[in-house]
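Understanding the architecture of this molecule
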Amino acid sequence: MKVKLAIVLIGLSILFCLASVSPAGEKEERVIIKVEGLYCPFCAYGLEKHIKKIKGFKSIQINIKEGTAEIAFKSGTRVSKASILEAVENAGFELDGVTWIGKEPEK
Amino acid sequence: MKSIHLLSISACILFILFTPFTAQSLPINSDLGLTPHKGEFIFRIQGRYLTKTDDPSGQNRKVDVYSVPVVGVYGFTSKLSLLVKLPFLVKEMKTGSGQIRGDEGLGDISVFGKYRIHTLNFKGGTSRLSLVAGLKLPTGDDNERDSSGLLPPGLQLGSGSVDFIAGAAHTLQTLDYEVDTDLRYIFNNEANRFEFGDVFRYNLSFQKRIFPFTLPDKGMYDQFNALVEFNGFFQEKNKLLGIDQPNSGGHTLFISPGLQYVTKRIVFETSFQYPIVQDLNGTQLETDYGFVLSLRVQF
């Protein structure tokens with residue numbers, strides 16, 4: 001009985017671990033951008049809208065106090081700095097820096 | 001003397017507002033140098049009320065003006081935008097004898113283009129300057145009549161003329177405050193042998209965040225702002241058949257304290273306008289006060 005219970009628990013644990021691990025295709029590419037001219041929540045909406053249009057966009061957190069935005073893209077989208085620059089400029093701001101978390105996508 | 005006393009109060013308000021808090025906001029009765037982002041559409045609707053009861057002519061006249069300007073703004077690029085304003089008006093004058101005259105309906109539609117010519121981003125702030133040019137179109141009724149005959153031009157919904165508007169607006173926005181300056185000149189033309197005097201408008205707006213008191217390190221936030229504006233205009237005398245009308249023109253300056261609730265997509269705001277300078281020619285009615293409620297939504 002104890003052995004059967006242990007087998008069930010181990011099996012459930014393995015299943016739980018497998019469910020928690022994202023498949024390799026769903027890993028994110030994360031980037032932090034520094035934006036100049038961003039000092040207003042009403043103004044920040046424009047940045048969010050244009051960043052969301054970039055292919056592979058997954059999520060964004062804009063930090064007004066810091067003047068930064070943390071953006072996540074779907075893995076494998078090969079998002080370029082040029083597309084981020086265009087989005088920031090269309091929103092009316094200046095891009096002051098891009099920091100890739102992990103490896104920068106190949107151009 | 002009354003004007004000087006009120007100007008001193010205004011200076012005190014400004015001093016208090018310039019304590020170092022973060023201010024991120026938009027003016028209510030003034031324009032600003034910021035432009036909408038590319039593809040952005042902003043819808044704005046206001047409820048405005050203005051009353052004039054101080055009648056130096058002795059006729060005991062009273063004028064109330066209710067207006068609902070509906071505004072749409074679209075950003076073609078991050079620098080170039082178009083604004084269309086549709087003013088819905090109710091104008092009413094009561095005399096001491098009990099007569100009521102007035103009209104209600106759509107006024108003159110305005111169409112403006114705005115182009116940002118200067119952007120300077122620096123550590124902790126940004127400076128933006130935009131040029132504005134546009135037309136006021138004669139869509140409002142300009143020959144309304146009642147039992148007493150043709151309404152005076154000031155009670156008509158429209159001027160009957162195509163008028164030209166040009167100006168500039170500047171915004172200085174930092175982590176401590178926002179200041180907006182707006183200058184505008186309205187070139188009024190003749191219609192029905194009558195010409196309103198040209199108008200030079202000047203506006204100054206100061207804004208400060210009052211809540212949250214401390215900004216979160218991460219993320220965005222909704223906020224309440226306090227603001228005070230100075231909204232003034234000089235107007236030349238009106239002309240009838242080319243002759244200056246003595247009871248027209250002058251200089252008016254309002255102080256306009258207000259409150260705003262600002263979110264990512266919506267701004268809800270209110271403002272009270274009190275005249276601190278009224279240097280009017282002849283026996284014109286003087287303004288008692290004005291009141292504004294406004295909602296802005298961006299898409």
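Residues numbered from 1 in each chain as written. Chains lettered and ligands numbered in written order. Predicted model: local features only at pLDDT ≥ 70, side-chain atom pairs only at ≥ 80, totals over all residues.

**Details of the interface of chain B and chain A**
Many authors give the size of an interface as the accessible area that is lost as the parts come together. Across the boundary between the two partners, chain B contributes 28 residues, which contact 21 residues of chain A. Each residue belonging to the side of chain B that touches chain A can be placed in one class, and the counts come to 9 nonpolar, 12 polar and 7 charged. (Contact = placed C-beta atoms within 7 Å. Nonpolar A, V, L, I, M, F, W, Y, C, P; charged D, E, K, R; others polar.)

**Brief notes about the nonpolar core**
Residues Leu38(A), Ala44(A), Leu47(A) and Val88(A) are the most contacted members of the largest nonpolar core, which totals 30 residues. Contributing elements (two or more residues each) for this core: strand E1 (28-36), helix H2 (41-52), strand E3 (68-74) and helix H3 (81-90) of chain A. A per-element tally of this core places H2(A) first, with 6 residues. Not counting residues within four places of it along the chain, the set of residues in contact with Val88(A) comprises Ile33(A), Val35(A), Leu47(A), Phe93(A) and Leu95(A). Tyr177(B), Phe206(B), Leu227(B) and Val292(B) belong to the second largest nonpolar core, which has 6 residues in total. (Core = buried A, V, L, I, M, F, W, Y, C linked by C-beta atoms within 7 Å. Buried ≥ 20, exposed ≤ 12 C-beta atoms within 10 Å, placed from the backbone. Helix = DSSP H or I, 4+ residues; strand = E, 2+ residues; numbered from the N terminus.)

**Comments concerning the sheet that holds strand E12 (residues 194-195) of chain B**
Strand order across the open sheet formed by 4 strands is E11-E12-E15-E16 (chain B), with antiparallel pairing between neighbours. A strand with exactly one partner marks an edge of an open sheet, and here the two such strands are strand E11 (190-191) and strand E16 (243-244) of chain B. (Pairing = 2+ DSSP bridges.)

**Examining unusual backbone geometry**
Residues and elements named next belong to chain B. The omega torsion across Phe 211 and Pro 212 is 0 degrees, close enough to zero to call that bond cis. One can find Pro 212 in the loop between strand E13 (199-211) and strand E14 (223-235). Of note, the phi angle at Asn 192 is positive, near 55 degrees, even though the residue is not glycine. Relative to the helices and strands, Asn 192 resides in the loop between E11 and E12. For Arg 193, which is not a glycine, the phi torsion comes out positive at approximately 65 degrees.

**Quick look at the environment of Glu178(B)**
Within the secondary structure layout, Glu178(B) lies in strand E10 (residues 178-187). Classification of Glu178(B) as buried rests on a count of 27 C-beta atoms within 10 Å.

**Quick look at the pairing of strand E18 (residues 266-280) of chain B**
Residues and elements named next belong to chain B. When strand E17 (residues 250-262) meets E18, the two strands line up antiparallel, connected through 11 bridges. Bridging across to E18, Thr 252 finds its partner in Gln 278. In this structure, E18 lies alongside strand E19 (residues 286-298), joined through 8 bridges in antiparallel fashion. Counted as the bridge partner of Gln 273 is Gly 290 from E19. Between E18 and E19, which pair antiparallel and follow one another directly, the connecting turn spans 5 residues, one of which, Gly 282, has a positive phi of 70 degrees.

**Section: the sheet that holds strand E4 (residues 94-101) of chain A**
Residue and element names in this part refer to chain A. If you trace the 4 strands from one edge of the open sheet to the other, you get E2-E3-E1-E4, paired in antiparallel fashion. The sheet terminates laterally at strand E2 (57-63) and E4, the two strands that pair on one side only. If you compare each strand with its neighbour and ignore which way they point, the axes differ by 20 degrees on average. In the sheet, E1 pairs with E4 via 7 bridges, with the strands oriented antiparallel. When the sheet's bridge partners are listed, Val 35 is paired in E4 with Leu 95. Contacts from H2 reach E1, E2 and E3 within the one sheet, and its direction differs from that of E2 by about 160 degrees. (Axes fitted to C-alpha atoms, helices over the stretch in contact; angles between N-to-C directions.)

**A short note on H3(A)**
Structurally, the α-helix is built with 3.6 residues per turn, so residues lying three or four positions apart point the same way. Residue and element names in this part refer to chain A. Among the residues making up H3, those that are buried are Ile 84, Ala 87, Val 88 and Asn 90. Relative to the axis of H3, the buried residues are bounded by an arc of 165 degrees and lie together on one face. The elements touched by buried residues of H3 are E1, H2 and E4. Gly 92 sits one or two residues past H3 and shows a positive phi near 95 degrees. (Arc of directions from axis to C-beta.)

**A look at the confidence of the model for chain B**
Across chain B, pLDDT averages 90, with 91% of residues at or above 70. Within the model, pLDDT remains below 50 along residues 1-5 of chain B, and this stretch shows 2 contacts once partners closer than five positions in the same chain are excluded. (pLDDT = per-residue confidence, 0-100.)

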